[in-house]
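So you can see what is in the structure, the chains are spelled out below.
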Amino acid sequence: HARSDNRPELTARDACREAAVACSEGRRVGYVFGSEVDGLSKTDILPAHGFVCIPAQPGSNTLNLAQAVVVMAYETFQVSAEIARELSPQPSSIGIQPCRGGQRGYACGKQS
């Protein structure tokens with residue numbers, strides 16, 4: 001998409017990583033999703049620092065709102081897990097922990 005400004009177009013993962021960094025610096029972060037029909041108005045995007053592009057199936061130019069929210073939630077979860085591993089390679093007693101029993105994923109809470 002051609003834009004008339006210089007704000008970056010990011011992947012979902014990159015946007016979530018930037019959001020995580022901003023949060024760690026005490027800044028507020030939010031994602032704004034547009035309607036499936038009309039998208040976002042120019043007024044809606046004025047405060048945006050960038051735009052997220054989520055690739056869609058050829059011939060389908062958009063995801064529905066629920067799909068876009070799930071992609072961003074998933075990428076936020078993935079980035080959080082990456083950051084937790086970077087900060088603490090050894091599992092701690094509280095925080096994001098690897099699942100046990102060969103399961104994939106992470107869960108928050110106290111490890112017993």
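Residues numbered from 1 in each chain as written. Predicted model: local features only at pLDDT ≥ 70, side-chain atom pairs only at ≥ 80, totals over all residues. Heavy atoms only, no water.

## Thoughts on the pattern of salt bridges
Line of reasoning, step 1. This structure, assessed with the given rule, holds 5 salt bridges.
Line of reasoning, step 2. Across the salt bridge formed by R13 and E75, the nearest N and O atoms sit 2.3 Å from each other. Of this pair, R13 sits in helix α1 (residues 12-24) while E75 sits in helix α3 (residues 65-87), and the two are 62 residues apart along the sequence.
Line of reasoning, step 3. Residue R13 is classed as partly exposed on the basis of its relative accessible area of 28%.
Line of reasoning, step 4. Between E25 and R27 there is a salt bridge, and its shortest N-O distance comes to 2.7 Å.
Line of reasoning, step 5. On the basis of relative accessibility, which here comes to 52%, the residue E25 falls in the exposed class.
Line of reasoning, step 6. Via salt bridges that share partners, R13, R17, E75, E82 and E86 belong to a single interconnected network. (Salt bridge = Lys/Arg side-chain N within 4 Å of Asp/Glu carboxyl O. Helix = DSSP H or I, 4+ residues; strand = E, 2+ residues; numbered from the N terminus. Buried < 20%, exposed > 50% of the residue type's maximum accessible area, 1.4 Å probe, protein only.)

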